[in-house]
Amino acid sequence: MASNQIPQAEPLNPAQQQVLDELGSTDRPTFRDDLRDHLRHELEEALLPIVESLPEVSRDQPLFVSKRKLSMAHGCETRYLADQAAPFEWSVPAARGTVAHKAIEILIGRRGKPTPLDLVHEALERLELDERSLGEFIRGLGEAERAELVGAVNEFVTTFTETFPPLKRQWIPVSESRVRANLCQDRVALQGVIDLSLGRARGNQAGKVLLDLKTGRPNISHIDDLRFYAMLEVLKLGTPPRLLVNYYLEAGEPRQEKVTEDLLWSTSKRVVDAILKMVELDEGRRKPGLTPSAMCRFCPALSTCDEGKAELARADEEMGFTH
Ligand code: SF4
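Predicted model, so just to flag it, every value in this text is computed and none were measured.

Definitions and cut-offs
- By convention here, each chain's residues receive numbers from 1 onward along its written sequence.
- A pLDDT threshold of at least 70 governs which residues receive local features in this predicted model, and a stricter bar of 80 or more applies before side-chain atom pairs are shown or counted, although totals over entire chains, interfaces and linings include all residues.
- Numbering of helices and strands runs from the N terminus; a helix is a DSSP stretch of H or I covering at least four residues, while a strand is a stretch of E covering at least two.
- Based on C-alpha atoms, the radius of gyration is set beside the globule rule, defined as 2.2 Å times the residue count to the power 0.38.
- Throughout, a residue-residue contact means that the two C-beta atoms, derived from backbone geometry, are no farther apart than 7 Å.
- A fitted line through C-alpha atoms represents every axis, and for helices the fit uses only the stretch in contact; the resulting angles, taken between N-to-C directions, go from 0 to 180 degrees.
- Put simply, angles under 35 degrees are roughly parallel, angles over 145 are roughly antiparallel, angles from 65 to 115 are roughly perpendicular, and the rest are oblique.
- Working rule for handedness: look at the near helix, and if it is turned counterclockwise from the far one by less than a right angle, call the crossing left-handed; if clockwise, right-handed.
- Three classes are used: nonpolar for Ala, Val, Leu, Ile, Met, Phe, Trp, Tyr, Cys and Pro, charged for Asp, Glu, Lys and Arg, and polar for all others, with Gly counted as polar.
- Bear in mind that the domain bounds are from an automatic or database domain assignment.
- Joining buried Ala, Val, Leu, Ile, Met, Phe, Trp, Tyr and Cys residues through C-beta atoms within 7 Å gives a set, and that set is a nonpolar core.
- A residue is called partly exposed when the number of other C-beta atoms within 10 Å of its own lies between 12 and 20, exposed at 12 or fewer, and buried at 20 or more, with C-beta atoms placed from the backbone.
- Whether a residue is near a molecule or strand depends on its C-beta atom, generated from backbone atoms, being within 6 Å of that molecule or strand.
- By this rule, a helix spans an expected 1.5 Å times one less than how many residues it contains.

Peer 1: Before we move on, could you go through the overall build of the protein chain and cite the residues and values that matter?
Peer 2: When helices and strands are tallied, the protein chain shows 11 helices and six strands. For a compact globule of 323 residues, the expected C-alpha radius of gyration is about 20 Å, and the protein chain comes in at 22 Å, within 12% of that figure. Dimensions of the protein chain along its principal axes, counting C-alpha atoms only, are 75 × 60 × 45 Å. By sequence separation, contacts in the protein chain at least 24 residues apart represent 68% of the contacts at least 6 residues apart.

Right, here's the structure in full:
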């Protein structure tokens, strides 16, 4: 290329163009100044009696609340308890998302055009230096398992780069951004990690887009997860994000929702309800219910749960998977 030629951006394919059109909308609502204070006040007022019923909860040992726990508490209560009791163990499917997000983080910071496979190998090399349990898991993988993990993450990252428009620096992309709200004099910690955020607020005018990158089929709980993160953003910054997007990689399809004040209030109520349930279940003050669903497949209690087995048999029959 001659030195005076300006490099042309690669044309976007229709999937990338759809994402750009949907996420790039110019609708940027303005929110009131005192939203953060009101939201915090309402949450603390509702949570304080719950926390005060737990003498062992303190500043040093707060009640940790994640999107996973919230979603479990609102799903099958027996599964929630079984999941709490089951020790977490890394596996290739469990590690895939974390490694893929690391690869996307590297993609954001990297000059040039690394291939998805370059990104995956670099992500693995960085993560295996980590002292925490994921590093230990990666270091302990045999050749075949490591290749399986590389293949699974490569598929994820390749699909992302094929269906999502190239991330521009002026979009202020941030991968794996941590959010946390300390409430009730640090005795409750609401926390989460946002897969990808783009843009930023200008004063009270919303500008940020929060994205969760999903494999598999859409599920109603995915919407609730992002609403929880939107609420945490308000508790952190005061200005909500403008858009919440679950991005389904296999379909190359963004599903989005605009953020409104009503959405934030209903989310805060849902969070308080879930925390009350969690505490009652943890303390044995509530008899756990059974709610069979497609999630039975991943439930640690499935082998002893007739309702769960019946639900999965029914679902398999519907899909024509019976022998
Ligand atoms: S198998 Fe299904 S119904 Fe049974 S405890 Fe687990 S999630 Fe609940």
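From this point, things continue past the structure.
Peer 1: Please provide a residue-by-residue account of the packing of helix H2 (residues 35-52) against helix H10 (residues 261-282), values included.
Peer 2: With their axes 10 Å apart at the nearest point, H2 and H10 run at an angle of 20 degrees to one another. By the angle between their axes, H2 is roughly parallel relative to H10. Where H2 crosses over H10, the two elements pack in a sense that is right-handed. Residues Leu 35, Leu 39, Glu 42, Leu 43, Ala 46, Leu 47 and Ile 50 of H2 form the contact with H10, whose own contacting residues are Glu 261, Leu 264, Ser 268, Val 272, Ile 275, Leu 276 and Val 279. The residue inventory of the contact of H2 with H10, partitioned by class, reads 11 nonpolar, one polar and two charged.

Peer 1: Lay out the packing of H2 against helix H9 (residues 220-237) in plain terms, naming residues and giving numbers.
Peer 2: At a minimum axis separation of 8 Å, H2 and H9 run at an interaxial angle of 115 degrees. Where H2 crosses over H9, the handedness of that crossing is left-handed. Contact with H2, carried on its side by Leu 35, Arg 36, Leu 39 and Arg 40, involves Met 231, Val 234 and Leu 235 of H9 and no other residues of that element. Here the residues of the contact of H2 with H9 are counted per class, giving five nonpolar, no polar and two charged.

Peer 1: Break down the domain arrangement of the protein chain for me, with residues and values.
Peer 2: Taken domain by domain, the protein chain holds domain 1 (16-80 + 171-282), domain 2 (92-169) and domain 3 (292-323). The centre of domain 2, based on its C-alpha atoms, is set 32 Å off from the matching centre of domain 3.

Peer 1: Talk me through the nonpolar core; I want residue IDs and the actual numbers.
Peer 2: Side chains that are nonpolar tend, in soluble globular proteins, to be buried together. With 65 residues, the main nonpolar core has Ala 103, Val 157, Leu 210, Ala 230 and Met 231 as its most contacted residues. If one sorts the elements of this core by residue count, H9 sits on top with eight residues. Apart from the residues within four sequence positions on either side, Val 157 is in contact with Ala 100, Ala 103, Ile 104, Pro 116, Leu 119 and Val 120.

Peer 1: Could you give me a rundown of the site of the ligand, with the residues and numbers involved?
Peer 2: Around the ligand sit 14 residues in total, of which Cys 76, Cys 296, Cys 299, Cys 305 and Gly 308 are the nearest. Listing elements by their share of the shell around the ligand, those giving two or more residues are helix H4 (77-85) and helix H11 (306-318). Split into classes, the residues belonging to the shell around the ligand amount to nine nonpolar, three polar and two charged.

Peer 1: Could you give me a rundown of helix H8 (residues 143-163), with the residues and numbers involved?
Peer 2: For H8, spanning 21 residues, the distance from its first C-alpha to its last is 30 Å, which sits close to the expected 30 Å at 1.5 Å a residue. Close packing links the buried residues of H8 with helix H1 (14-23), helix H5 (92-109), helix H6 (116-127) and strand S4 (209-214).

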